[in-house]
Protein chains: 2
Amino acid sequence: MFIPIPHCIMRNIKLILEYDGTNYCGFQKQKQHNTIQRELEKALSRLCNEPIRVTSSGRTDSGVHARGHVVNFTMSRTLTKSNIIKGANSYLPKDIVVKSVRFVSASFHARFSARRKIYQYHLWNAPVRTPLRNRYCYHYIFPLNIADMKKAAKVLVGKRDFKAFCAQGRKKENTIRHLRRITIRKKGYLITFTFEGNGFLYNMVRNIVGTLLLAGRGKLFVSDVKKILSSKDRMQAGPTAPPQGLMLMKVLYI
Amino acid sequence: MFIPIPHCIMRNIKLILEYDGTNYCGFQKQKQHNTIQRELEKALSRLCNEPIRVTSSGRTDSGVHARGHVVNFTMSRTLTKSNIIKGANSYLPKDIVVKSVRFVSASFHARFSARRKIYQYHLWNAPVRTPLRNRYCYHYIFPLNIADMKKAAKVLVGKRDFKAFCAQGRKKENTIRHLRRITIRKKGYLITFTFEGNGFLYNMVRNIVGTLLLAGRGKLFVSDVKKILSSKDRMQAGPTAPPQGLMLMKVLYI
């Protein structure tokens, strides 16, 4: 179904991806490691019959999942949306899928145009692990006080310098982010943390979760969380929660 | 924590298991194949320091999952419930877990004492697959009419001879079962079939699902399902739905 068009016209295409990150070394392309980006570019290059490089809304770490990761890319061939989605998915491995395709204006940039992102972190807070949720939950055996975690989370909501929650060894010029909300919901043994913000530093969500867990166990108080934030020192915050609990839910563009 | 007791006393113990069946050749022990029973007996034998053989409420097929599979076994050693659960889970692989332990009377038999079983079958009814549910859903792309499936399901509820829905090549004396209910629920792309009955024949749930899917596509009508049932011929019913969508939810004892 190729409709010939003048080959100087490049179309800008936005994709929404879902993937199970268990078997990948994160999103971003790396030499010698299998990543989502590598698989995606391989599939799209095959589909478009030209080398394709995608622009991503951001990175996800090794083992992190996504329900709504956004990328864009340009291609010279004209394919229908339906052909792109079917073609890409037939070339992609089973644990990665293109959920939706949109033709967007040339100015659309998956990273720079992004306004907000929503992440969720899932915790299985029970004495016994759950094989049916192992892949998408962090099994945490210690009892947690949800009200205390909510109080601690409140400290972090707003426009803050999150340097203390950014992975060590990364020199980011600007560590200020606007965290719009943190919600914590408990349903049976499952605890879901939802984070919405204009952007997130490397490991920021997992470091915040690790810190909130200490608050939930009574090992940190609201005043401690305030101190951690103002210290701007990663060593003061809690440990990094493991990757399998984290999921990129949505990237919002306005 | 071993409390010595006269070794003629055998304790009967009921376990509830959860497992991800993806990597196993079903529940029942087989030579040369990895099964849930084999892993479980290995773990319990190690824990109890004596050879343990479990009695199961039933079998599950290769790739089928369980949220509440019940077994029982007897052991001569006295361990607390907490020691059994912690010990067994430390020896079991990550995709199998003992969720609960109960000391039961000598007359309790996981299979013969079972009164009812509840199974669920999960379907992802969307044009595009879902990597995050791949392991626990059957991806079915054809549009389905839920009301038609419900009508067809009604024909099968009650005390019926389910020979037409029993895997071929098995000569069971009695193929009559009492199917208490089939409910079909749709939430977004996810369709959940729930089956409750006093017992199920080999592949019965998956064969019924395969038949209901044909009804949902308008390829079979209520009258056809009635004919299939009365034919007692497996060749008349729909295809066997794949195993990953099936989950043993609960075994009820009264």
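This structure is a prediction, so every number in the text was calculated from the model and none was measured.

A few words now on the interface of chain A and chain B. Facing the 26 residues of chain A at the interface are 26 residues of chain B. At the boundary of chain A with chain B, total buried surface from both sides reaches about 1,900 Å², with 55% on carbon and sulfur atoms. The three residues of chain A that bury the most area against chain B are Arg129(A), Pro131(A) and Leu132(A), which together make up 39% of that side's buried surface. Here chain A and chain B share zero salt bridges between them. One can count 16 residue pairs in polar contact (both at pLDDT 80 or more) joining chain A with chain B. Taken together, the elements giving at least two residues each to the side of chain A that touches chain B come down to strand E1 (11–19), strand E3 (65–75), helix H2 (81–91) and strand E4 (96–104) of chain A. No other element matches E4(A), which puts four residues into the side of chain A that touches chain B. A per-class count over the side of chain A that touches chain B returns 13 nonpolar, four polar and nine charged.

When chain A is brought onto chain B, the operation consists of a screw motion whose angular component is 180° and whose axial shift is 0.0 Å, with 0.0 Å RMSD remaining. The transformation just described matches what one would write down for a two-fold rotation axis. Interface overlap between copies is the fraction of interface residues in one copy that are interface residues in the other; for chain A against chain B it reaches 100%, indicating a shared surface.

With that settled, the discussion passes to helix H1 (residues 36–48) of chain A. All names here are of chain A. Counted at 1.5 Å a residue, the expected span for H1 with its 13 residues is 18 Å, and the 18 Å between its end C-alpha atoms agrees. All buried positions along H1 are accounted for by Ile 36, Gln 37, Glu 39, Leu 40, Glu 41, Ala 43, Leu 44, Leu 47 and Cys 48. In the core, the buried residues of H1 are packed alongside E1, E3, H2 and E4. Positive phi shows up at Asn 49, right after H1, with a value of about 60°.

Time to look at the confidence of the model for chain A. For chain A, mean pLDDT is 93; residues scoring 70 or higher make up 95% of the total. With a pTM of 0.90, the predicted complex shows an ipTM of 0.87.

By the burial criterion, the buried members of helix H2 (residues 81–91) of chain B are Ile84(B), Ile85(B), Gly87(B), Ala88(B) and Asn89(B). In this structure, the buried side of H2(B) is in contact with strand E1 (11–19), helix H1 (36–48), strand E3 (65–75) and strand E4 (96–104) of chain B.

The subject of this paragraph is the domain arrangement of chain A. In many analyses, interface size is given as the accessible surface area lost on bringing the parts together. Residues and elements named next belong to chain A. Here the domain parsing of chain A yields domain 1 (11–104) and domain 2 (116–252). Between domain 1 and domain 2 the total buried area reaches about 1,300 Å² when both faces are included, carbon and sulfur atoms providing 49% of it. Taken as a group, Asp 61, His 65 and Arg 67 account for 38% of the area that domain 1 buries against domain 2, more than any other trio of residues on that side. On inspection of domain 1 and its partner domain 2, the count reaches two salt bridges. For Asp 20, the salt bridge identified is with Arg 135, shortest N-O distance 3.1 Å. Between domain 1 and domain 2 we count 11 residue pairs in polar contact (both at pLDDT 80 or more) in total. In terms of residue class, the side of domain 1 that touches domain 2 is built from three nonpolar, 10 polar and four charged.

Below, the discussion takes up the state of the cysteines. The term disulfide refers to a covalent linkage connecting the sulfur atoms of a pair of cysteines. Under the defined criterion, the tally for this structure stands at zero disulfides over all chains. Between Cys137(B), a free cysteine, and Cys137(A), which holds the nearest cysteine sulfur, the sulfur-to-sulfur gap is 16 Å. Classification of Cys137(B) by relative accessible area gives buried; the value is 5%.

Looking now at the pattern of salt bridges. Inspection of every chain in the model, using the stated rule, returns 20 salt bridges over all chains. A single salt-bridge network, built from bridges that share partners, covers Lys29(A), Glu41(A) and Arg53(A).

Looking now at the pairing of strand E9 (residues 190–197) of chain A. All names here are of chain A. Burial of E9 is extensive: eight of the eight residues sit out of reach of the surface. By the alternation rule, side chains of E9 split into Leu 190, Thr 192, Thr 194 and Glu 196 and Ile 191, Phe 193, Phe 195 and Gly 197, which are all buried. Of the pairings in the sheet, the one linking strand E5 (residues 116–124) to E9 comprises eight bridges and is antiparallel in character. The residue bridging Tyr 121 from the neighbouring strand is Phe 193, located in E9.

This paragraph deals with the packing of H1(B) against H2(B). All names here are of chain B. Contact pair H1 / H2: the axes reach a minimum separation of 9 Å and the direction vectors enclose 125°. Classified by the angle their axes make, H1 and H2 are oblique. For the crossing formed where H1 meets H2, the hand is right-handed. Of H2, the residues touching H1 (which contributes Ala 43, Leu 44, Arg 46 and Leu 47) are Asn 83, Ile 84, Gly 87, Ala 88 and Tyr 91. Residue classes in the contact of H1 with H2 are distributed as six nonpolar, two polar and one charged.

Cut-offs used in this document
- Residues numbered from 1 in each chain as written.
- Chains lettered and ligands numbered in written order.
- Predicted model: local features only at pLDDT ≥ 70, side-chain atom pairs only at ≥ 80, totals over all residues.
- Heavy atoms only, no water.
- Contact = heavy atoms within 4.5 Å.
- Buried area = accessible area lost by both parts, 1.4 Å probe.
- Salt bridge = Lys/Arg side-chain N within 4 Å of Asp/Glu carboxyl O.
- Polar contact = N/O pair within 3.5 Å; in protein donor to acceptor, adjacent residues only side chain to side chain.
- Helix = DSSP H or I, 4+ residues; strand = E, 2+ residues; numbered from the N terminus.
- Nonpolar A, V, L, I, M, F, W, Y, C, P; charged D, E, K, R; others polar.
- Least-squares fit on C-alpha atoms with pLDDT ≥ 70 in both.
- Expected span 1.5 Å × (residues − 1).
- Buried < 20%, exposed > 50% of the residue type's maximum accessible area, 1.4 Å probe, protein only.
- pLDDT = per-residue confidence, 0-100.
- Domains from an automatic or database assignment.
- Disulfide = S-S within 2.5 Å.
- Pairing = 2+ DSSP bridges.
- Axes fitted to C-alpha atoms, helices over the stretch in contact; angles between N-to-C directions.
- Parallel < 35°, antiparallel > 145°, perpendicular 65-115°, else oblique.
- Left-handed = near helix turned anticlockwise from the far one by under 90°.

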